[in-house]
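Listed here are the chains, written in short residue letters.
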Amino acid sequence: MSSAPVSGKIMSMGATMAPIITFYNESNWSKQNEEPDICDFTFGNPHDKPLDGYISAVQKSLAPQNKDWFAYKQSEPEAQAVIAKTVSDYLNHPFNAEDICITNGAFAGLNVVIKTIVDAGDEIIYISPHWFAYEGMIIGAGGKAVNLSINRETFDLDLEAIQAAISPKTRGIIVNTPNNPTGKIYSRETLTKLADILTAASEKNGRTVYLISDEAYHKIIFDGNDFVSPATIYPNTFLVYTYGKVHLTPGQRIGYIALPPEMENREAIHTSVNLMQAFSGWSYANAVLQHAIGDLVKLSIDIEQLQWRRDFLVDELTRLGYESNHPEGTFYLIVKSPIEDDWAFVEHLSEFKVFVLPGMTFGLPGYFRLSLTANDEMVKRSIPGFAKAIQG
Ligand SMILES: Cc1ncc(COP(=O)(O)O)c(C=O)c1O
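These remarks concern the structure in this document. (Residues numbered from 1 in each chain as written. Predicted model: local features only at pLDDT ≥ 70, side-chain atom pairs only at ≥ 80, totals over all residues. Heavy atoms only, no water.)

## Overview of the pattern of salt bridges
Here is step 1: On inspection of all chains with the given rule, the structure shows 19 salt bridges.
Here is step 2: A salt bridge links Glu323 to Lys336; its shortest N-O distance comes to 3.6 Å. Here Glu323 is found in the loop between helix H12 (303–319) and strand E9 (332–336), whereas its partner Lys336 is found in strand E9, with 13 residues between them in sequence.
Here is step 3: Glu323 sits in the exposed class, given a relative accessible area of 51%.
Here is step 4: A residue is classified by how much of its surface remains accessible, and Lys336, at 35% relative accessible area, is partly exposed.
Here is step 5: Residues joined by salt bridges that share partners form a network here, namely Glu35, Asp37 and Lys353. (Salt bridge = Lys/Arg side-chain N within 4 Å of Asp/Glu carboxyl O. Helix = DSSP H or I, 4+ residues; strand = E, 2+ residues; numbered from the N terminus. Buried < 20%, exposed > 50% of the residue type's maximum accessible area, 1.4 Å probe, protein only.)

Right, dumping it as structure tokens:
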């Protein structure tokens, strides 16, 4: 297969979503992903047993302790307090409990934030390579999606391109750090320069340009690297988080939007976010997960094990002649496709029962992505397949 077929219906949801939908529905992976002997590096799904302590925490929270245990839940004050303390400690920046809007994951958090700030025709900048849903969310909110690229040499934000793309209609920019798929953590210096650009643009436009900080992977950091949240640098930042990555439980939906205490008009924005959560389909985390959050925040996937997989795969793939990156965080690795058509290479690799995600699905043609959530056994078993595939 040389390129992904695209239907008109999918196109109207956002052109950048089309390739991933086609991959999901029509690729070799879509036909073979249930087979027991495959090495599945496609998506960030669990291939190991759940974390110790996860099931008992959820089970404990199933037992009602009062009549409202399963009542409609918005952001429960106990859960807000737990999350505010955890995120404040982690980022070394104080967040107030009432400024934590608990969502059913970052998917919902991003959607709610975009819908809250966008009026018809407003522009939101997002940067490729990108997570597949940004464009569709912006269009769905009535906005215009403005797509830029990272600096392809350094994988850093291209601040000049961002500055040049800002118009009187710009309402926000989505920044994903650590980045899926590059694994890049944007530095304090880069984020400070970005904050200066956004502050100047807000003054010039006479209305705030928001930063939407997609921090889905902010706890998955390798080599003791520093992580800096844009929310600690630029006050008009919505910090969006999900526990689906750090627990590797993407089917268990809990995350949050945190508003920094320095955000302008914070109380009014909080009210708007809350209303938008309700009216965008009750985008709150369900009761049991909110009750369990005090125990859940103590749990994490094994970062050292992910780091071992990264190092093993980088070494082995390099030895075989592939060019791979060296992610600073997240659980992804990106590798240059040995042939220009990444889709064709990915389908070729699947003949050896190794499944990865083509770069055209995340705005980085010519590359493919591996999720390090494949288990150790798959990681080791995949190497002969990678070896044969590069030989043609
Ligand atoms: C960059 C990024 N943002 C947001 C999400 C959504 O996370 P969740 O499904 O846990 O809400 C993902 C999931 O893959 C992601 O990779």
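## Here's the deal with unusual backbone geometry
Here is step 1: Going from Ser128 to Pro129, the amide bond is cis rather than trans, its omega being 0°.
Here is step 2: Structurally, the position occupied by Pro129 is in the loop between strand E3 (123–128) and helix H7 (134–140).
Here is step 3: Between Thr177 and the following residue, Pro178, the backbone shows a cis peptide bond with an omega angle of -10°.
Here is step 4: For Asp223, which is not glycine, the phi dihedral falls at a positive 60°.
Here is step 5: Mapped onto the secondary structure, Asp223 falls in the loop between strand E6 (210–214) and strand E7 (237–242).
Here is step 6: In this model, Leu248 sits at a positive phi of 50°, which is unusual for a non-glycine residue.
Here is step 7: Within the secondary structure, Leu248 is located in the loop between E7 and strand E8 (255–258).
Here is step 8: Residue Leu248 is classed as buried on the basis of its relative accessible area of 14%.

## Digging into the sheet that holds strand E11 (residues 357–358)
Here is step 1: One open sheet holds the 3 strands; their spatial order is E9-E12-E11, and the pairing between them is antiparallel. Each having just a single partner strand, E9 and E11 make up the two edges of the open sheet.
Here is step 2: In this sheet, strand E12 (residues 367–371) lies alongside E11 in antiparallel orientation, the contact comprising 2 bridges. Residue Pro358 lies in a different strand from E12, and its bridge partner there is Phe368. (Pairing = 2+ DSSP bridges.)

## Digging into the pairing of E12
Here is step 1: E12 sits mainly inside the fold: 5 of its 5 residues count as buried.
Here is step 2: Judged by which residues are buried, E12 turns out to be covered on both faces: Tyr367, Arg369 and Ser371 on one side and Phe368 and Leu370 on the other are all buried.
Here is step 3: Across 5 bridges, E9 lies against E12 in antiparallel orientation. Considered in E12, the bridge of Ile334 is made with Arg369.

## Structural notes on the packing of aromatic side chains
Here is step 1: One pass over the structure, following the stated rule, counts 28 aromatic pairs.
Here is step 2: For the ring pair Tyr243 and Tyr256, a centre distance of 6.1 Å and an interplane angle of 55° mean the geometry is tilted. With Tyr243 in the loop between E7 and E8 and Tyr256 in strand E8, this pair connects stretches of sequence that are 13 residues apart.
Here is step 3: Judged by relative accessible area, which is 2%, Tyr256 ranks as buried.
Here is step 4: An aromatic cluster is built from Phe23, Tyr24, Trp29, Phe43 and Trp343, whose rings are joined through pairwise contacts.
Here is step 5: Residue placement shows Lys219 over the ring face of Tyr90; its charged tip is 4.8 Å from the ring centre. (Phe/Tyr/Trp six-rings, centres within 6.5 Å; stacked < 30°, edge-to-face > 60°. Lys NZ or Arg CZ within 6 Å of the ring centre and 35° of its normal.)

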